[in-house]
Amino acid sequence: MTDTAFVESIIKILFVVVIVAAAYIISTRNLLSLVSVYALQSLTLVGIALCLYLIQGNPVLLAIAIITFGSKVLVIPYFIATIQEKIRIKRDLEFHYLNPTTTLLLSMALMLVVYIALSRIIPPASTATPGLFFFGAVIGISLMLMGMMVTFSRKRAITKVMGFLSMENGVLIFGMFVTELPFIIEFLIVIDLIILVLLTTILSVGIDSTLEEFHNRLHRFYLWEEKEELP
Amino acid sequence: MILIAFVLATAIAIAAIALSHTNRNMNAVSIAHGLVFGAITLAALLASPIPINSFIVGSQFFYIDHLAIYEMLITIIIFTLSAIYAGGYVESLIASGELEKGSLRLFYAAWSLLFLIVVLAFCSDNLALFWIFAEMTTIISAMLIAVLSAKENIDAAIKYIFIASTAMLFSFVGFIFLFQVSRSTIPEGTLNWTVLIQHASAFPAGMMVASFALVFIGFAAKSGIFPFNTWLPEAHAKAPSAVSALLSGVLLNVGIYAIIRMLALVHQTAAIAIVSPFLMLFGILTIAIAAFSMLPQRNLKKLIAFSSIENMGILLVGLAIATPIALFWVIFHIMAHAFTKASLFLSAGILHRQYHSKFSGDAPDEIRDVFRLQPLAAWGTILGGLAIIGMPLFPIFFSKLFILLQLGTVSLWLLLAVLVLLFIAAAAIGYFVITSFTQVSPKDAPAEIEQYMTPLSMKIPVIVLIAMILVLGIFFTSGEIGFINQIVMELRF
């Protein structure tokens, strides 16, 4: 087997990449680069899964890496990019409750809280190589919470989708490091995720769209009728 | 065998929907779909004793015990009756241009798929598999809400998806925790409920609390429990009424079902002492938030939606008490609430067609001359309203009474608080009915409102449901009691 210490330090570097990507997703206003950063984050996940495979030699991890690459690095980013071109929005300037700086500070605080909370819940003896695996669990949960902040603080539905996807990456990291689930479950989750992304992006075309035709269609329904009757 | 029959029947139904062109044909298919599911379940019930252990069922992924059968029967009854109702309702939606003809196939196909997935969810033994099915129900029911393609419907659907799915990810982390917990006694680890319940008493309490809390977040969001209740009134009020009946009568049960299963595991350990007050707190907060939101509500469907939240709160309070008697009545309340709420939404749907766009959104209802124009829907709403606030002769009276009596043994102050809140909720429904149903236009005024001719297919489900809740409230058969007792026993309370 390869040198475990070397692989572990590579995983640690990849963790940093994941967190930096998450910080970028939280703070950016540029929608076009958001998708590429998400793809990069997913690619990092593939890297982590491969490194873990080198340490543990569990074929499920290899399968996870392949599925993640196919769905989250290729299919989903491509699909979202196509949709973005259609609805012609390049920027998301509106934030609900938090602006980017506060969000970043808050996410740092969150990571600290997660670290303390998890160190109480997970007894160190329960995992094989405690340091790395505990660290992975912390990163996973923090990534989830950061993604959740994106989902709740952004206004555009398409940015919310990115937040959700980033949350899901967090769950995947947590799952990889804390325990190994049966492969079929991982596979079904990916299918579920793809359906979810397809549906939300299609629906968000309706919400985010600046296209005239969509609004014209809405006028046919009773919601707008009263206004039309007035003059 | 039974699962293959379900999947096959659904595949045939969806194929038939894809081939047919008119609303009438597609509707006939979905009614037949419901009847076939009912027949399959009854045949399986007669052919083998519960828990059913035939091919595939009884494998490591699927398992059908009394609770599963019970939830499946409720699901099948509500889906079939709503399908009958949908025929006339969808016809009218198309006539008024709210539903495009092109969306018809999507609507009925999603309907059939949702039916299959809810039933499969109740059959799953593996909790992760259950999670996936529950997540799919969110996606498909959001499609049924967004099918009207008005902007406010899409808004409601997106809100529903984001709140429910985001919270459900926490549930999944909870299940990963549970898997890790199970490895303390079973080396290879498992998420199969039947195995877990046998070993649950050996699980460490601290980890069980963490796992339950995470799982609770997700399924609380799914069943509209405070603080994740914000999507529910929007989604239930804006969906087509036939779909609202499903959302309230069936999909809320999916969330509560998971909480019950998880609580049964926690109940085996010392963790129940920590989890119980936590559930009680959320239950009472949920009832409170719903009761106070109902009071100023002038929109019938939203009022009914908030009442669903209130009932979910009552269920949580019942679960928090965690005695066998309380659990018995919680199980009974699930059925009573499902049927009553379905009948209320179906009645509200008739009123919605009569008074049209005026209350599709947040606008208050302008109901006039309701007894002249829609006598059946008016009486349906009144009887349903009496049933939901727990008047004697209706089944909810018994479940509320016994849950409250059990609550009294825990704390009299909590009992008093819940009683006041339930009274506020009842007053809100009463106030709405009295103020809006007594609006009569002057005798000599020209009739401005054209009467909506309610088709028979929309009247029958309302009558059947009300007859069912009356029968449920008056007759307690020993079979019914025995069945629910079986459920309580299988949950090891």
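Cut-off values and rules
Residues numbered from 1 in each chain as written. Chains lettered and ligands numbered in written order. Predicted model: local features only at pLDDT ≥ 70, side-chain atom pairs only at ≥ 80, totals over all residues. Heavy atoms only, no water. Helix = DSSP H or I, 4+ residues; strand = E, 2+ residues; numbered from the N terminus. Buried < 20%, exposed > 50% of the residue type's maximum accessible area, 1.4 Å probe, protein only. Areas by Shrake-Rupley, 256 points an atom, 1.4 Å probe, with all protein chains shown as cover. Rg over C-alpha atoms; globule rule 2.2 N^0.38 Å. Contact = heavy atoms within 4.5 Å. Polar contact = N/O pair within 3.5 Å; in protein donor to acceptor, adjacent residues only side chain to side chain. Expected span 1.5 Å × (residues − 1). Bend = angle between axes of the 7 residues up to and from the residue. Phe/Tyr/Trp six-rings, centres within 6.5 Å; stacked < 30°, edge-to-face > 60°. Lys NZ or Arg CZ within 6 Å of the ring centre and 35° of its normal. pLDDT = per-residue confidence, 0-100. Patch = residues over 30% accessible without salt bridge, like charges linked within 9 Å, V, L, I, M, F, W, Y side chains within 5 Å. Salt bridge = Lys/Arg side-chain N within 4 Å of Asp/Glu carboxyl O. Axes fitted to C-alpha atoms, helices over the stretch in contact; angles between N-to-C directions. Parallel < 35°, antiparallel > 145°, perpendicular 65-115°, else oblique. Left-handed = near helix turned anticlockwise from the far one by under 90°. Nonpolar A, V, L, I, M, F, W, Y, C, P; charged D, E, K, R; others polar.

Observations regarding the overall build of chain A
- For chain A, the count of helices and strands is nine helices and zero strands.
- Its helices and strands in sequence order give chain A the pattern α-α-α-α-α-α-α-α-α, from N to C terminus.
- With 231 residues in all, chain A has 52% of them scored as buried.
- For chain A, the exposed surface amounts to about 10,700 Å²; the carbon and sulfur share of it is 69%.

What to know about the overall build of chain B
- A tally of regular secondary structure across chain B gives 19 helices and zero strands.
- Taken against the 2.2 N^0.38 rule, which gives 23 Å for 493 residues, the C-alpha radius of gyration of chain B at 22 Å falls within 12% of a compact globule.
- Taking the principal axes of its C-alpha atoms as reference, chain B extends roughly 80 × 55 × 45 Å.
- The burial tally for chain B puts 65% of its 493 residues in the buried class.
- Here the analysis covers contacts within chain B between residues at least 6 apart in sequence; of these, 80% occur between residues at least 24 apart.

Describing the side chain of Lys238(B)
All names here are of chain B.
- Within the secondary structure layout, lysine 238 lies in helix α9 (residues 231-238).
- The exposure class of lysine 238 is buried, given its relative accessible area of 7%.
- Within the structure, lysine 238 has its side chain in polar contact with the side chain of glutamate 234 (distance 2.9 Å).

Some points on helix α8 (residues 205-222) of chain B
All names here are of chain B.
- Compared with the 26 Å implied by 1.5 Å per residue over 18 residues, the 25 Å span of α8 between its first and last C-alpha is a close match.
- At phenylalanine 216, α8 shows its strongest bend, of approximately 25°.
- Here α8 lies mainly inside the structure; 13 of its 18 residues are buried.

Considerations on the packing of aromatic side chains
- Applying the stated criterion to the full structure yields 30 aromatic pairs over all chains.
- Taking the centre distance of 5.5 Å and the plane angle of 40° together, the rings of Phe130(B) and Tyr257(B) count as tilted. Separated by 127 residues along the polypeptide, Phe130(B) in helix α5 (residues 127-146) and Tyr257(B) in helix α10 (residues 241-267) bring together distant segments of the chain. With respect to class, Phe130(B) is no different from Tyr257(B); both count as buried.
- A connected cluster of aromatic rings, assembled from ring pairs, spans Phe6(B), Phe37(B), Phe79(B), Phe107(B), Tyr108(B), Trp111(B) and Phe115(B).
- Above the ring of Phe162(B), the side-chain terminus of Lys160(A) is found at 5.9 Å from the ring centroid.
- Stacked on the ring of Trp193(B), the Lys or Arg Arg261(B) has its end atom at 4.4 Å from the ring centre.

Comments concerning the side chain of Ser308(B)
All names here are of chain B.
- Along the chain, serine 308 falls in helix α12 (residues 300-321).
- For serine 308, the side chain forms a polar contact with the side chain of lysine 341, separated by 3.1 Å.
- Every residue in contact with serine 308, bar those within four places of it in the chain, is listed here: Leu232, Ser248, Leu252, His337 and Lys341.

Let's talk about the confidence of the model for chain A
- Taken residue by residue, chain A gives an average pLDDT of 74. The fraction at 70 or more is 75%.
- Across chain A, the element-wise mean pLDDT spans from 38 in helix α9 (residues 222-229) of chain A up to 85 in helix α2 (residues 31-56) of chain A.

Section: unusual backbone geometry
Residues and elements named next belong to chain B.
- With an omega of 0°, the peptide bond running from phenylalanine 226 to proline 227 counts as cis.
- Despite not being glycine, alanine 322 has its phi angle at roughly 60°, a positive value.
- Looking at where alanine 322 falls in the secondary structure, it is placed in the loop between α12 and α13 (324-355).
- On the accessibility criterion, alanine 322 (14% relative accessible area) is buried.
- A positive phi angle is found at leucine 393, which is not glycine, with a value near 85°.
- Here leucine 393 lies in the loop between α15 (375-388) and α16 (395-410).
- Residue classification places leucine 393 among the exposed residues on the basis of a relative accessible area of 53%.

With respect to the confidence of the model for chain B
- The share of residues in chain B with pLDDT of 70 or more is 95%, and the mean pLDDT across the chain is 87.
- For this predicted complex, the interface score ipTM comes out at 0.81, while the overall pTM is 0.88.

Some thoughts on a nonpolar patch on the surface
Residues and elements named next belong to chain A.
- On the surface, a cluster of nonpolar side chains totalling about 590 Å² of accessible area is made up of Ile13, Val17, Leu40, Leu43, Phe69, Leu74 and Val75.
- Elements supplying a minimum of two residues to the nonpolar patch: α1 (4-27), α2 and α3 (59-87).
- The leading source of residues in the nonpolar patch is α3, at three residues.
- Inspection of the secondary structure assignment puts phenylalanine 69 in helix α3.

Digging into the environment of Ser42(A)
- Position of Ser42(A) relative to the elements: it lies in helix α2.
- Ignoring anything within four residues of it in the chain, the contact list for Ser42(A) reads Thr68(A), Lys72(A), Val73(A) and Asn169(A).

Re the packing of helix α6 (residues 151-182) of chain B against α8(B)
All names here are of chain B.
- The N-to-C vectors of α6 and α8 enclose an angle of 155°; their axes lie 7 Å apart at closest approach. What the angle tells us is that α6 and α8 run roughly antiparallel. Crossing angle aside, the handedness with which α6 passes α8 is left-handed.
- Broken down by class, the residue content of the contact of α6 with α8 amounts to 19 nonpolar, four polar and one charged.

A look at the pattern of salt bridges
- Per the counting criterion, the structure on display carries five salt bridges over all chains.
- Residue Glu168(A) is joined to Lys72(A) by a salt bridge in which the shortest nitrogen-to-oxygen separation is 2.6 Å. A residue pair is termed long-range when its members are at least 10 positions apart, and Glu168(A) in helix α6 (residues 157-178) and Lys72(A) in helix α3 qualify at 96 residues. Per residue, the accessibility class of Glu168(A) equals that of Lys72(A), and both read buried.
- Across the salt bridge formed by Glu234(B) and Lys238(B), the nearest N and O atoms sit 2.9 Å from each other.

A word on the environment of Ala200(B)
Residue and element names in this part refer to chain B.
- Turning to its location among the elements, alanine 200 is positioned in the loop between α7 (193-199) and α8.
- When its relative accessible area of 0% is taken as the criterion, alanine 200 is described as buried.
- Each C-alpha atom of the pair alanine 200 and glutamine 354 lies 54 Å from the other, and the pair is 154 residues apart in sequence.
- Residues in contact with alanine 200, not counting those within four places in the same chain, are Leu265, Gln268 and Thr269.

A short note on the packing of α8(B) against α10(B)
Residues and elements named next belong to chain B.
- Between α8 and α10, whose axes approach to 8 Å, the crossing angle comes to 170°. Classified by the angle their axes make, α8 and α10 are roughly antiparallel. Two secondary-structure elements touch here, α8 through Met208, Ser211, Phe212, Val215, Phe216, Phe219, Ala220 and Lys222 and α10 through Leu252, Val254, Gly255, Ala258, Ile259, Met262, Leu263, Leu265 and Val266.
- Across the contact of α8 with α10, the residue classes break down as 14 nonpolar, two polar and one charged.

Structural notes on the environment of Thr323(B)
All names here are of chain B.
- Relative to the assigned elements, threonine 323 resides in the loop between α12 and α13.
- Residue class for threonine 323 comes out partly exposed when judged on its relative accessible area of 24%.
- One polar contact links threonine 323 to glutamine 406, side chain to side chain, over a distance of 2.8 Å.

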